[in-house]
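# Coordinate inspection notes
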Amino acid sequence: MTSNMSDVHEYYDYADLYSNEPARATVPPEEIILPCFPTASDKLYHTCIAALSLVVLLILAAFTKRKRLCPGFLKGVPGLLSPVNFLDHTQHKGLVGAVFGGLFCRLVVVVLAKNPLPFTEDPAPENKEYWKILALFYYPALYYPLLACGTLHSRVGYVLGSLLSWTHFSVLVWQKVDCPQTPEIYKFYSLLSSLPQIVCLAFLSFQYPLLLFKNSGTAGQTNTSEDLHSSYYKEYVKKILRKKVTKSSSSTFKPTIPSRISAALQSYIYTPEDGFRFPLKLVISAVVSIISVYQVMLLLVLLVIPTLQKVRGGVNEDIAFLLAGFNIILSENRAEVVEIVKYYLWTVEVCYISTVTLSGLVTLVMLMRSMVLHRSNLKGLYRGDIYSVYNRQRSIRPSRPAIVCWMGFTSYQAALVCIALLIQTLVFFICILWFVFLILIPILYGKNLILFRILKVMWPFWLMLCLVVIVQHVMAKFAFLKKDAGTRDLDNRQGLFLLTYLLFPVNVLVGVLLGVWRIVITGLFNIIHLGRLDISLLNRGVESFDPGYRCYVHYLKIEVSQSHPVMKAFCSVLLQPPASEGTAGQKMSVVEEGIQLVQQDKKQKMISNSRRARGRWWLVFTLVNNPSLVTSRKHFQTQSSEAFLNGTLNRTTKESGSEPEKTDTKSNDV
């Protein structure tokens, strides 16, 4: 006691404050990172690149023909070029994914940077939000020509795309080499966060010259029907029409446990499948989601770990007196207290890094599982199996909410992945800390056994609950079940009723544990699957109240109704000219998604009866295997929307419409 009082007296001795000797710093001075101004400043760079992008956009417009607004004026040029055909499954998806990935990286900069727009320097706090709103529209406009160059499908577009991509890539690399360290968040955060953008721009810088080298088309004409002329849709139709070989297997075969585990693991691993291509929007969503996982993980690590390292480096013997004020005595030796506190802080760092890594891996696994289910759902809807996605019969047709959800699907997916990763990190970090400091460290060092002391005091209660559950299972198997003629039935019912009554109070306590365990399992399941839109976090009957899943099913409506492979294969066959009319001038030039087919002046040729019959049989076979295509036929367009659902007749409407006719017939007979 006397030694402790002397230590406190020495600690509160202020004689050192009046000494002439300079104070010695116990903590090394913090490294100060000064603002860096690259040679190619952002203001100058964006002024030049914005002007260059505008010129490129005007050149692209000169090679694009108008389709609706005054198509006869100036031969239909210039026109507005679409950035990309999102409903085309055959185009180069890497270009589009790279542009969207770079655009998402710029969005992260806009959210975190002090200057949202490079044209402003230190904007006033009251005007900063307005500049952020303006930046949300500026960067999509800046990257619009970079994306539209690949849509032109000509040498002019590939040359301009090469020029733009090399300019973006070279200036960005120049800036990061010139100023690798910045004072924002962490000295290397700006460099690390720009790595995905550099990779995307490097891919564009390589891909556009490669397409220019491979291209052998005209100097500047947009090939709008390239989607329908692709062999992918014909190969898809051939695959579904090909006779499948069924493997004979015994009905008594039961899969082993290793085979079940292997099948479960394979269901979470996406492998490409021949004859199937993902829609472009899903590919963009996958690329943007992976980049968002990287950006969020980087931000979580660099916001916390450097701070913990500074705190751990600044711990000295004063921490012993701080803990003593809260009646926490780790050791009598202050130097040992310092080591213990540093060890605990290091443990927190390890737990946090492990948590972020685990959350990132879980998110990536869930994304891969989503790709597997996306393919399964699309193939099911192509076949007309709507119950694989919907809980009741639905009409696969475009609608107002479907279009809105289709437009924002990629953005919603990226936002939900970021939110899910943040929540997973928080929950997993709390769970890992609880496990390490209440279970693992006490077992390793034999100290602070708080949880084990509680369990030691309550061990009769926990033992009683375990024994009651075990007794019920044993009695249910050996006393209350009997097998008779291969069937099972209840036995010894009086004993069953007696045991049910006697164990009622104990089962109430077991039910409390069951409720807690249900909350834990439900919470973990929803947290892990929060970033997935392809499954609902609610029950099957109320899944429409889940906004994420509702957006997903509406997105599938647009994809299936507008990009059905069988429909596009049929349109491509119709677009093929006859053998006697094989000149290029007689081919149709106005084609929008393979649906607008106008050829009124062509004379119909006589077709033999056998060929006509063969064509009708193929038509019937195609419609049977793809019921969703029935409503696309011409003579079904005059029917009301209630008469057909996904290519099948609505029997209730048909029967209700036929009943009055029967009554009228009976009245006439009378």
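Residues take numbers from 1 onward in each chain, read along the sequence in its written order. At least 70 in pLDDT is required for a residue's local features to be given in this predicted model, at least 80 for side-chain atom pairs to be given and counted, and no such filter applies to totals for whole chains, interfaces and linings, which use all residues. Note that water and hydrogens are dropped before the side-chain values are worked out from all heavy atoms of the structure.

## Side note on the pairing of strand β1 (residues 481-484)
Operational definition: For two strands to be treated as a pair, DSSP must find no fewer than two bridges joining them. Numbered from the N terminus, helices here are DSSP runs of H or I no shorter than four residues, and strands are runs of E no shorter than two.
The pairing of β1 with strand β2 (residues 487-490) spans 4 bridges and is antiparallel. Residue pairing in the sheet places Lys482 in a bridge with Asp489 of β2.

## Thoughts on the confidence of the model for the protein chain
As a general rule, the predicted coordinates of low-pLDDT regions are not to be interpreted in detail. The criterion, for reference: For every residue, the predictor assigns a confidence score, pLDDT, that lies between 0 and 100. Any two residues whose heavy atoms approach within 4.5 Å are treated as being in contact.
Averaged over all residues, the pLDDT of the protein chain is 76; the fraction at 70 or higher stands at 76%. Highest mean pLDDT in the protein chain belongs to helix α17 (residues 504-528) (91); lowest belongs to helix α21 (residues 651-669) (42). This model gives residues 217-224 a pLDDT under 50, and the stretch forms 23 contacts once residues within four places in sequence are excluded. Note that pLDDT drops below 50 for residues 579-607; the model gives that stretch 29 contacts with residues more than four away or on any other chain.

## Notes on the packing of aromatic side chains
As a reminder, the rule being used: Think of it this way: a Phe, Tyr or Trp ring, Trp meaning its six-membered ring, pairs with another when their centres are within 6.5 Å, and the plane angle makes it stacked under 30 degrees, edge-to-face over 60, tilted otherwise. Burial here depends on accessible area, computed with a 1.4 Å probe over protein chains only, as a share of the maximum for the residue type. Under 20% is buried, over 50% is exposed, and the range in between is partly exposed. Think of it as a cone above the ring: NZ of Lys or CZ of Arg counts as a charge over the ring if it is within 6 Å of the ring centre and within 35 degrees of the ring normal.
With the rule as written, the count across this model stands at 14 aromatic pairs. Measuring from centroid to centroid gives 6.3 Å for Tyr549 and Tyr552, while their planes differ by 40°, and the two rings are tilted. Highlighted residues: Tyr549 and Tyr552, both in helix α18 (residues 547-562), separated by 3 residues, approximately one helical turn. No difference in accessibility class separates Tyr549 from Tyr552, as the two residues are buried. For the cation-ring pair, Lys281 lies above Phe86, with the distance from its terminal atom to the ring centre recorded as 5.3 Å. The ring of Tyr268 has Arg369 sitting right over it, with the charged end atom 5.2 Å from the ring centre.

## Digging into empty space enclosed by the protein
Heads up, the condition is: Buriedness of a pocket was judged along seven lines, with at least five required to meet protein on both sides within 12 Å; pockets are open sets of points on a 1 Å grid over the protein atoms alone, cavities are sets where a 1.4 Å probe fits but cannot get out, and lining residues have an atom within 4 Å of a point. Grid points are joined across faces, edges and corners, and a volume is the space filled by probe spheres set on the points.
For the structure on display, the rule yields 1 cavity of 30 Å³ or more. In this structure, the largest cavity encloses a volume near 40 Å³. Along the walls of the largest cavity sit Thr363, Met366, Leu367, Val417, Ala420, Gln424, Ile528 and Gly531, which together make up its complete lining.

## Some details on a nonpolar patch on the surface
Heads up, the rule is: Residues form patches when they are more than 30% accessible in relative terms and have no salt bridge. Like charges link within 9 Å. Nonpolar side chains (Val, Leu, Ile, Met, Phe, Trp, Tyr) link within 5 Å. Working definition of accessibility: Shrake-Rupley area with a 1.4 Å probe, residue cover restricted to the visible protein chains. Salt bridge, as used here: a side-chain nitrogen of Lys or Arg that lies within 4 Å of a carboxyl oxygen of Asp or Glu.
Taken together, the side chains of Ile443, Ile450, Phe452, Ile454, Leu455, Val457, Met458, Trp462 and Leu513 make up a nonpolar region of the molecular surface, amounting to roughly 810 Å² of accessible area. No other element matches the 5 residues that helix α14 (residues 450-457) contributes to the nonpolar patch. The residue Met458 is located in the loop between α14 and α15 (459-478) in this model.

## Things to note about the environment of Trp434
You can see Trp434 is positioned in helix α13 (residues 400-445). Not counting residues up to four positions away in its chain, the partners in contact with Trp434 are Ile439 and Leu451.

## A closer look at the nonpolar core
Defined as follows: Side-chain atoms within 4.5 Å link the members of a nonpolar core, which is a set of buried Ala, Val, Leu, Ile, Met, Phe, Trp, Tyr and Cys residues.
Judged by nonpolar contacts, the single largest core of 98 residues is most densely connected at Leu146, Leu204 and Tyr552. Counting residues per element, this core draws most heavily on helix α10 (residues 280-313), at 12 residues. Ranked by size, the runner-up nonpolar core spans 8 residues in total, among them Val315, Val337, Val341 and Leu345.

## Focus on the side chain of Thr363
Mapped onto the fold, Thr363 is located in helix α12 (residues 334-382). Assessed through its relative accessible area of 6%, Thr363 is described here as buried.

## Focus: the state of the cysteines
Heads up, the condition is: Throughout, disulfides are identified as pairs of cysteine sulfur atoms within 2.5 Å of each other.
In the structure shown here, the tally under the stated rule is 0 disulfides. Summary of cysteine pairing: Cys200 is not part of a disulfide, and the nearest cysteine sulfur, belonging to Cys105, is at 5.8 Å.

## As for the packing of helix α3 (residues 93-112) against helix α7 (residues 195-214)
Note the cut-off: Under this scheme, a helix contributes an axis fitted over its contacting stretch, all axes are lines through C-alpha atoms, and angles between N-to-C directions fall in the 0 to 180 degree range. Angle categories: roughly parallel below 35 degrees, roughly antiparallel above 145, roughly perpendicular from 65 to 115, and oblique for all the rest. Left-handed describes a crossing whose near helix is turned anticlockwise from the far helix through less than a right angle; right-handed describes the clockwise counterpart. Residues are grouped as follows: Ala, Val, Leu, Ile, Met, Phe, Trp, Tyr, Cys and Pro are nonpolar; Asp, Glu, Lys and Arg are charged; every other residue, Gly included, is polar.
As a packed pair, α3 and α7 sit with axes 9 Å apart at the nearest point and diverge in direction by 150°. By the angle class used here, α3 and α7 are roughly antiparallel. In the crossing of α3 with α7, the sense of the turn from one axis to the other is left-handed. Where α3 abuts α7, its residues Gly94, Leu95, Ala98, Val99, Gly101, Gly102, Cys105 and Arg106 lie against Pro196, Gln197, Cys200, Phe203, Leu204, Gln207, Tyr208 and Leu211. Here the residues of the contact of α3 with α7 sort into 10 nonpolar, 5 polar and 1 charged.

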